[in-house]
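Descriptive structure summary
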Amino acid sequence: FEKNHYVGNFFNHNIVSMKIFSCPARYPIKYFRKKYKLNLEPLFPLNKIIMKSSSKSTTIDGSVFGHVFKSGSQSYSIENQIKSNVKAPIFFDTLVNFKDIQHEYDVIVAATGDGCIAKELGIWNIGTQIQVRSATVVSKFETGFVKMWLNTDYSKNCYCYLVPNSEKEASLIMALNNSSFSELDYYWKEFLLKEEVNYPITETRDSEYSTGYPDFLQIGNIYFTGNSAGTIDDLLGFGAFRAIESGILLARAIIKDLDYSKLLKPLLEDVKHLHEFRKLLDTFDNNDYDRLVAFLGLPGIKQFIYKNPFFSVKHYAFAVKLLNRIKSS
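Residues numbered from 1 in each chain as written. Predicted model: local features only at pLDDT ≥ 70, side-chain atom pairs only at ≥ 80, totals over all residues. Heavy atoms only, no water.

**Looking at helix α7 (residues 240–256)**
This is how it is decided: Where helices and strands are cited, they refer to DSSP runs of H or I of at least four residues and of E of at least two residues respectively, numbered from the N terminus. Expected span of a helix, by definition, is 1.5 Å for each gap between consecutive residues, and there is one gap fewer than residues. Think of it in three bands: residues with accessible area under 20% of the maximum for their type are buried, residues over 50% are exposed, and the middle band is partly exposed, with areas taken using a 1.4 Å probe on protein chains only.
Between the first and last C-alpha of α7 there are 24 Å, a value that for 17 residues agrees with the 24 Å anticipated at 1.5 Å per step. Within the span of α7, buried status applies to F241, R242, I244, E245, S246, L249, L250 and A253. D257 sits one or two positions beyond α7 and adopts a positive phi of about 55°.

**Observations regarding the packing of aromatic side chains**
Aromatic ring pairs: the centre-centre distance and the angle between the two ring planes describe each pair. Spelled out, the test is: Only rings of Phe, Tyr and Trp enter the pairing, Trp through its six-membered ring, and a pair is recorded when the two centres are within 6.5 Å. The plane angle decides the type: under 30 degrees is stacked, over 60 is edge-to-face, the rest tilted.
Taken as a whole and judged by the stated rule, the model has 16 aromatic pairs. Each ring, one from F21 and one from F238, has its centre 5.2 Å from the other, and the planes form 75°; the classification is edge-to-face. You can see F21 sitting in the loop between β1 (13–18) and α1 (28–36) and its partner F238 sitting in the loop between β11 (222–224) and α7, a full 217 residues away along the chain. Residue F21 is classed as buried on the basis of its relative accessible area of 9%. Classification of F238 by relative accessible area gives buried; the value is 12%.

**Regarding the sheet that holds strand β4 (residues 108–110)**
Rules: Any two strands between which DSSP finds at least two bridges are classified as paired.
Spatially, the three strands line up as an open sheet ordered β4-β11-β10, and their pairing is mixed. Both edges of this open sheet fall to β4 and β10 (218–219), since each of them pairs with a single strand only. Direction of pairing for β4 relative to β11: parallel, over a ladder of three bridges. The partner of I108 across the bridge, within β11, is I222.

Now the structure itself:
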C-alpha cells in the first residue's frame, strides 16, 4: 500500500555511497548484483571529495571512492530501479492504518521510512533528531564530486554538502542537530554568507528526520524493515543500502521461516559502530574540525583511508568507543 501515486520521494535528491563506510559492503553495486541478482545503476562514480572547516580545507581525488545515486520519482531513481524488479501489485493513492488491516493478513511489513508505527506501538527509541534544508541550485558543475562544510557556526555538529545532479544542477543540503524549523532560516543565511555560496536556487524544502530503532523487529504479525527497523546511521545519515538489504532479508525470513533478527544483526551492528563516531563529533568545536580536516589531508593518511582496499571506518569504532568513555568519565 503506497499513499502516493508514485514510488520514491517527491523531492528528488542524491544518495552517496562511500567505500570506507561499508554499508553493507564496500562495493554495493557488485554486492547486490552478485548476492541478490539486483542491478542498481548509479548516476556517477564519486571521484573527488572536498572537505572544508572554518579555517582548513582538503581535497581527495585520484580514485573512485564510491558512487552517487538518484533518489526520487524519476524512472532512473534507485526506488524505481527496485520497483522494476517487483512482481507483486502495488496499490497507489492508498493510505491505510496498520490497525485496520492487521487482522486481514498473515504478515504486515512496516516500511514507512520512519518510526511512526513503532511509536504508536510504544516500542520506538528516538535517536538523533536532524533538521534539514534541501535546495536545488543551478550552475556549471563538474559531476562526480562531493563538497562538505563542517562548521559549528551554522551547522552545529552536523554538516552542509553539495553534490551535483548533472552538469547544470546540484543538491545543496544543510543538516542541523538540536535545532528547530524556526532556526533554519538563520543558519541557512549564515552558511550562504560565510561560505560565499551564491548559486541561483530554484527550489528549497525543509524536513525533519530522526534516527532511532524499535525494541523489537517483530511484534505480533507486524515486521519492521528499512528505517523503520533502525537501519539509518546518525553519523552521516547513510542507510539506503542497509534499508534495501533489510527488505530482502525480511522477505527471505518470511518465505523460508528464518530468524529475521539474526539476519539483520550485522546491519544493525554497523549502525551502532557509526553511532560511536557521532557521539565523538557531538563534542567537537571548530578547532577540532580544523584538526580533523587537516589530519585527513595529510600525505599518507589520505592514501591509507581512501585508497586502501581494506580500510573501513567501522573497524576503528572500538577505539572511538574507548575515547568516548574516557571523555565522559
